[in-house]
Amino acid sequence: MPEGHVIHRLARDFNERFTGRPLSVTSPQGRFAAEAAVVDGHELDHAEAWGKHLFFEFDVPRRDHIIHIHLGLIGQLKFEGPDDVAGQVRLHVSNGEESANLRGPQWCRLITDEERAAAIAKVGQDPLRGDADPAEIVDRVRRSRRPIGALLVDQKLYAGVGSIYRTETLFRLGIHPLTSGADLDVGTLEAMWVDLRELMEDGVRVGRIDTVRPEHTPEAMGREPREDDHGGEVYVYRRTGQPCHVCGTPVVEVPIESRRVFYCPTCQSA
């Protein structure tokens with residue numbers, strides 16, 4: 001599933017490409033046709049991201065006017081030619097010069113301001129939003145006996161954080177993923193938030209997840225670049241059995257609430 005930096009990057013690019021002019025909005029697949037017709041021909045006011053939720057707000061007075069998208073596991077939103085509609089395109093937005101095509105989302109809905117507010121109220125604090133309040137979740141984390149490896153991907157706490165960022169920030173801070181939230185002090189949780197924000201901001205900028213520090217890049221270490229469908233240079237994510245870039249200990253994995261979490265037994269001792 002795309003992590004939060006992907007959604008924020010899409011919102012940024014959508015604003016740059018499509019605001020300020022009337023847009024053609026259709027549903028070639030047909031499943032969103034009636035809803036698309038409501039906003040077709042209207043201007044996009046803005047796009048924004050909240051965690052893994054993407055909102056397109058159109059200038060349509062007194063009607064449902066916000067498209068709410070969640071990509072889910074297989075959804076994709078791609079910028080293509082103005083007439084490209086190959087495949088099962090749920091939503092096609094065109095400015096006459098290029099288009100955005102949505103395929104395979106978990107959902108694509110037309111909602112009101114009130115429904116958007118209700119959706120946002122269900123998600124936690126997003127490290128990529130300037131209006132986020134990390135202090136709001138510190139007490140909730142410190143009251144929990146759940147492992148931090150689970151809390152970090154709880155979207156009601158850390159909106160937009162997924163498996164890779166969860167795994168990598170725990171390594172970078174030397175925290176064992178099975179450590180309970182109650183066993184972490186405020187300073188550690190604040191440092192975690194800062195690290196997540198910096199890593200995710202870099203993800204928005206470069207379009208991939210890179211988490212290794214300068215001294216651990218392939219060039220600095222004289223090693224081969226990582227080869228993985230997820231791309232990016234990481235310390236432990238999906239590196240089970242491979243040597244840790246810092247200490248050489250083989251990376252291991254542990255199941256936490258039905259999901260694999262990777263860590264270094266030496267750098268992240270319990």
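Residues numbered from 1 in each chain as written. Predicted model: local features only at pLDDT ≥ 70, side-chain atom pairs only at ≥ 80, totals over all residues. Heavy atoms only, no water.

Engineer: What am I meant to see in the UniProt feature "domain: FPG-type" (unreviewed entry) in the chain here?
Structural biologist: This chain's UniProt record puts "domain: FPG-type" (unreviewed entry) on residues 235-269. Secondary structure across residues 235-269 divides into 0% helix and 29% strand, with the first and last C-alpha atoms of the span separated by 15 Å. (UniProt positions renumbered as here; feature names shortened; annotations may be inferred. Helix = DSSP H or I, 4+ residues; strand = E, 2+ residues; numbered from the N terminus.)

Engineer: What am I meant to see in the sheet that holds strand E8 (residues 107-111) here?
Structural biologist: Working definition: the strands of a sheet are paired by backbone hydrogen bonds and lie parallel or antiparallel to each other. Strand order in the open sheet formed by four strands is E2-E3-E4-E8, and the pairing between neighbours is antiparallel. Of all strands in the sheet, those with a lone pairing partner are strand E2 (44-50) and E8, marking the two edges. Across the sheet, the mean angle from the axis of one strand to that of its neighbour is 15°, orientation sign disregarded. In this structure, E2 lies alongside strand E3 (residues 53-58), joined through six bridges in antiparallel fashion. For Ala-49, the partnering residue across the bridge sits in E3 and is Leu-54. Packed on one face of the sheet, helix H1 (residues 4-18) meets E2 and E3 and runs near 170° to E2. (Pairing = 2+ DSSP bridges. Axes fitted to C-alpha atoms, helices over the stretch in contact; angles between N-to-C directions. Contact = heavy atoms within 4.5 Å.)

Engineer: Explanation requested: the UniProt feature "domain: Formamidopyrimidine-DNA glycosylase catalytic" (unreviewed entry) in the chain in the structure shown.
Structural biologist: In the numbering adopted here, UniProt assigns the feature "domain: Formamidopyrimidine-DNA glycosylase catalytic" (unreviewed entry) to residues 2-98. Between the C-alpha atoms that bound residues 2-98 the distance is 23 Å, and the span itself is 23% helix and 33% strand.

Engineer: Just to check I follow, could you spell out the environment of Val-251 for this structure?
Structural biologist: With respect to the helices and strands, Val-251 occurs in the loop between helix H8 (218-221) and strand E9 (252-256). Val-251 gets classed as buried once you look at its relative accessible area, which sits at 1%. Each C-alpha atom, one on Val-251 and one on Tyr-237, is 8.9 Å from the other, the two residues being 14 residues apart in sequence. For Val-251, the contacting residues outside a window of four places in its chain are Tyr-235, Val-236, Arg-239, Thr-240, Gly-241, Gln-242, Cys-244, Phe-262 and Tyr-263. (Buried < 20%, exposed > 50% of the residue type's maximum accessible area, 1.4 Å probe, protein only.)

Engineer: Hey, could you run me through a nonpolar patch on the surface in this one?
Structural biologist: A cluster of nonpolar side chains, namely Met-1, Leu-73 and Ile-74, defines an oily patch on the protein surface of about 370 Å² accessible area. Tracing the backbone shows Met-1 in the segment before H1. (Patch = residues over 30% accessible without salt bridge, like charges linked within 9 Å, V, L, I, M, F, W, Y side chains within 5 Å. Areas by Shrake-Rupley, 256 points an atom, 1.4 Å probe, with all protein chains shown as cover. Salt bridge = Lys/Arg side-chain N within 4 Å of Asp/Glu carboxyl O.)

Engineer: Please clarify how the nonpolar core should be interpreted in this entry.
Structural biologist: Nonpolar side chains tend to gather and get buried jointly when the protein is soluble and globular. Counting residues in each nonpolar core, the largest one holds 33 residues, and the members touching the most others are Ile-148, Tyr-158 and Met-192. Looking at this core, the elements with two or more residues in it are helix H4 (135-142), helix H5 (148-151), helix H6 (163-172) and helix H7 (186-206). Per-element tally for this core: the top contributor is H7, with seven residues. Beyond its immediate stretch of four places on either side in the chain, Met-192 contacts Ile-148, Leu-152, Tyr-158, Thr-169, Leu-170, Leu-173, Ile-175 and Leu-184. (Core = buried A, V, L, I, M, F, W, Y, C linked by side-chain atoms within 4.5 Å.)

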